[in-house]
Number of protein chains: 2
Amino acid sequence: MCIFDLMEKILYFNNDTLIEMDKRYRANLINSVTGYKSANLLGTINSKGVENLAIFSSVTHLGSNPALLGFVMRPTTVERHTYRNIKDTSIFTVNHIHSGIIRSAHQTSARYDGDTSEFDKVGLEAVYKNEWKAPFVKEARIQIGCKYVNEYTIMENNTLLIVASIENIYLPDSVLQDDGWINLQETDGIAINGLDGYASPNIIERLMYAKPDTSPAPLS
Amino acid sequence: MCIFDLMEKILYFNNDTLIEMDKRYRANLINSVTGYKSANLLGTINSKGVENLAIFSSVTHLGSNPALLGFVMRPTTVERHTYRNIKDTSIFTVNHIHSGIIRSAHQTSARYDGDTSEFDKVGLEAVYKNEWKAPFVKEARIQIGCKYVNEYTIMENNTLLIVASIENIYLPDSVLQDDGWINLQETDGIAINGLDGYASPNIIERLMYAKPDTSPAPLS
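Because the structure is predicted, anything quoted here is derived from the model rather than measured.

### Here's the deal with empty space enclosed by the protein
Point 1. As enumerated under the stated definition, the model contains five cavities of 30 Å³ or more in all.
Point 2. By volume, the largest cavity amounts to about 110 Å³.
Point 3. Looking at the lining of the largest cavity residue by residue, the class counts come to four nonpolar, eleven polar and two charged.
Point 4. One number sums up the size of the second largest cavity: a volume of about 90 Å³.
Point 5. In this structure, the second largest cavity is lined by 14 residues; those nearest its centre are Thr60 and Leu161 of chain A together with Thr60, Val72 and Leu161 of chain B.
Point 6. Going through the elements one at a time, β4 (60-64) and β5 (67-73) of chain A together with β4 (60-64) and β5 (67-73) of chain B are the ones with two or more residues in the lining of the second largest cavity.
Point 7. The residue makeup of the lining of the second largest cavity, split by class, is eight nonpolar, six polar and no charged.

In structure tokens:
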């Protein structure tokens, strides 16, 4: 690590550099600089019965009690079908992307028109379970049914933070630990690096709840 | 994959099950069910010169133009020192966690009092660069200087979404690609699984911008 530090040329970007940057270059840089992101497909259906599927990298845990998640969207881009469907029906599904469906998942980001189901175009199968009226991705190993709760306009760039409640969860018995923790590696779950990079994480360790008077130890 | 589907017992949780769950079990479950999260240390300093360092898994890209990130916090918990310092000084740093500093990073989540610097307690070094008045983590390979822009109260659970502008970035030349994409694997960057799981991702591939009439292809 010392060798890394000593030998390595460190780049420095300030605000002026960022503003003057080529738009596409800056998008790649800023999308990867915050670290790895979650990788999910959001499934919705409109009032005419047309299904929609879209990849999102911004789905984030907001709280456990009540169980809430959030994600960020630009309602004016390709994601507008997802947004309109959620506003119309109040429900959607969140489906984890695993290493076997990366290319199909990525392809959902193409600008298909509103009458086209991405499920058909990218070769993933819509499935309905337990009367939940939004389509799950059959191939996904973790599936979540969500209900729209609220939205917050982030005035600084006109994006929306959508807040949703977690209403139901499907996951393989084998990946759930005794204390409720899900081993995402055992689902072959992936993480997103920037706009278009897909990565497969390997669990290094779980650590005990940290206390001021003890050093971190692996959870046995 | 067919064998996985056929052989596997699938668990189903609905809203009633989630509400009745043991609190700790639910926290583990809901914190891991949304997928992998980013892994960053936020560095701040208070008006008396006491530094603070805290681990966050909710730092998320909000937009590239202007360059914005967001993160979620509960101002009433251990994170309150971070919040108070950001409100006092308007600035903070975001420092990527890599595989060599996981235990130190995790230990910052212990409830140290407000006069204690987590840098000292966990064995990481504070460093100041280019007149930026918040401490960076010397050991981190990607360091971001941020300015507080706004906050949104998520009424549903009284958390805050903090919106900040990216003012400066330090990163190794070797991990930055010609198109602005950062190879996070080459920084040994990690992702977080749930509350306490740390994972090391390996890049599988980058894919071309998706268009309706073409199939996804690797970015050459």
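### With respect to the nonpolar core
Point 1. Counting 72 residues, the largest nonpolar core has Phe71, Ile166 and Ile169 of chain A together with Phe13, Phe71, Ile166 and Ile169 of chain B as its most contacted members.
Point 2. Every residue in contact with Ile166 of chain B, bar those within four places of it in the chain, is listed here: Asn15, Leu18, Ile30 and Val33 of chain A together with Ala67, Leu69, Ile144, Gly145 and Cys146 of chain B.

### Some remarks on the confidence of the model for chain A
Point 1. Mean pLDDT for chain A: 93, with 95% of residues reaching 70 or above.
Point 2. Across the assembled chains, the prediction reports ipTM 0.94 with pTM 0.95.

### A word on the pairing of β4 of chain A
Residue and element names in this part refer to chain A.
Point 1. Burial analysis of β4 places five of its five residues in the buried class, the great majority of the element.
Point 2. Sheet topology places β4 next to β5; four bridges connect them, and they run antiparallel. Opposite Ser64, over in β5, you have Ala67 as the bridge partner.
Point 3. Counted between consecutive antiparallel strands, the loop separating β4 from β5 contains two residues.

### Details of the relation of the copies chain A and chain B
Point 1. With an RMSD of 0.0 Å, chain A superimposes on chain B once it is rotated by 180° and translated 0.0 Å along the axis. Look at the turn and shift together and you get a two-fold axis relating the two. Minimal C-alpha distance to the rotation axis in chain A is attained by Pro201 of chain A, lying at 1.8 Å.

### Digging into the sheet that holds strand β11 (residues 191-193) of chain B
Point 1. With respect to topology, four strands assemble into an open sheet ordered β11(A)-β12(A)-β12(B)-β11(B), the strand pairing being antiparallel. One side of each edge strand has no neighbouring strand; the edge strands of this open sheet are β11 (191-193) of chain A together with β11 of chain B. Ignoring which end each strand starts from, the neighbouring axes of this sheet average 45° apart.

### Quick word on the packing of aromatic side chains
Point 1. All told, the structure shown has eight aromatic pairs over all chains when counted by the stated rule.
Point 2. Ring geometry for Phe136 of chain A versus Tyr170 of chain A: centroids 5.4 Å apart, planes at 80°, classification edge-to-face. Separated by 34 residues along the polypeptide, Phe136 of chain A in strand β8 (residues 136-137) and Tyr170 of chain A in strand β10 (residues 159-172) bring together distant segments of the chain.
Point 3. Exposure remark for Phe136 of chain A: the relative accessible area of 0% places this residue in the buried category.
Point 4. Its relative accessible area of 5% is what places Tyr170 of chain A among the buried residues.
Point 5. A ring pair is formed by Phe71 of chain B and Phe92 of chain B, whose centres lie 5.5 Å apart and whose planes are at 70°; its orientation type is edge-to-face. Of this pair, Phe71 of chain B sits in strand β5 while Phe92 of chain B sits in strand β6 (residues 91-96); the two residues are 21 residues apart in sequence, bridging distant segments of the chain.
Point 6. Judged by its relative accessible area of 0%, Phe71 of chain B is buried.
Point 7. Overall, Phe92 of chain B belongs to the buried group, its relative accessible area being 0%.

### Observations concerning unusual backbone geometry
Point 1. That bond from Asn65 of chain A to Pro66 of chain A is cis: its omega, 5°, falls within 30 degrees of zero.
Point 2. For Pro66 of chain A, the position within the fold is in the loop between β4 and β5.
Point 3. Phi is positive for Ser90 of chain B, which is not a glycine, with a value near 70°.
Point 4. Checked against the element boundaries, Ser90 of chain B lands in the loop between α4 (80-89) and β6.

### Quick word on the side chain of Asn28 of chain A
Point 1. Along the chain, Asn28 of chain A turns up in helix α3 (residues 23-33).
Point 2. For Asn28 of chain A, the side chain forms a polar contact with the main-chain oxygen of Asp179 of chain B, separated by 2.8 Å.
Point 3. Residues contacting Asn28 of chain A, with those up to four places away along its chain left out, are Leu195 and Asp196 of chain A together with Asp179, Gly180, Trp181 and Arg206 of chain B.

### Structural notes on the interface of chain A and chain B
Point 1. Each partner contributes residues to the interface: chain A has 115 residues there, and chain B has 115 residues.
Point 2. Taken together, both faces of the contact between chain A and chain B bury some 10,100 Å²; the carbon and sulfur share is 59%.
Point 3. In terms of surface lost to chain B, no three residues of chain A exceed Thr34, Tyr36 and Arg103 of chain A, which account for 7% of the buried area on that side.
Point 4. Where chain A packs against chain B, one counts four salt bridges.
Point 5. Glu205 of chain B is paired through a salt bridge with Arg103 of chain A; the nearest N and O atoms lie 2.6 Å apart.
Point 6. Classifying every residue of the side of chain A that touches chain B gives 55 nonpolar, 40 polar and 20 charged.

Basis of the calculations
Here the residue numbering is sequential within each chain, running from 1 through the sequence in written order. Lettering for chains starts from A, numbering for ligands starts from 1, and both go in the order in which the items are written. Side-chain atom pairs in this predicted model are given and counted only at pLDDT of 80 or more, local residue features only at pLDDT of at least 70, and totals for whole chains, interfaces and linings cover all residues. Heavy atoms from the whole structure form the basis of all side-chain values; hydrogens and water molecules are not counted. Whether a set of points on the 1 Å grid over the protein atoms alone is a cavity depends on a 1.4 Å probe fitting there but being unable to get out, while an open set qualifies as a pocket with protein on both sides within 12 Å along at least five of seven lines; lining residues are those with an atom within 4 Å of a point. Grid points are joined across faces, edges and corners, and a volume is the space filled by probe spheres set on the points. For this classification, Asp, Glu, Lys and Arg are treated as charged, while Ala, Val, Leu, Ile, Met, Phe, Trp, Tyr, Cys and Pro are nonpolar and the rest, including Gly, are polar. Helix and strand assignments come from DSSP, with helices taken as H or I runs of at least 4 residues and strands as E runs of at least 2, each series counted from the N terminus. What makes a nonpolar core is a set of buried Ala, Val, Leu, Ile, Met, Phe, Trp, Tyr and Cys residues whose side-chain atoms join them at distances within 4.5 Å. Exposure classes here rest on a 1.4 Å probe applied to the protein chains alone. A residue is buried below 20% of its type maximum, exposed above 50%, and partly exposed in between. Only heavy atoms enter the contact rule, under which two residues are in contact if any of them lie within 4.5 Å. On a scale of 0 to 100, pLDDT captures the predictor's confidence in every residue. Being paired, for any two strands, means DSSP has found at least two bridges between them. To line up the copies, we fit them by least squares on C-alpha atoms, keeping just the residues with pLDDT of at least 70 in both. Each axis is a line fitted through C-alpha atoms, and for a helix only the stretch in contact is used; angles between axes span 0 to 180 degrees, taken between their N-to-C directions. Two aromatic rings from Phe, Tyr or Trp, using only the six-membered ring of Trp, form a pair when their centres are within 6.5 Å; if the ring planes differ by under 30 degrees the pair is stacked, by over 60 it is edge-to-face, and anything between is tilted. Here a polar contact is recorded for every N or O atom pair within 3.5 Å, except that within protein the pair must consist of a potential hydrogen donor and a potential acceptor, and residues adjacent in sequence are included only if both atoms are side-chain atoms. Buried area, as used here, totals the accessible surface that two parts lose on assembly, with accessibility defined by a 1.4 Å probe and the loss added over both. Salt bridges are identified by distance alone: a Lys or Arg side-chain nitrogen within 4 Å of an Asp or Glu carboxyl oxygen.

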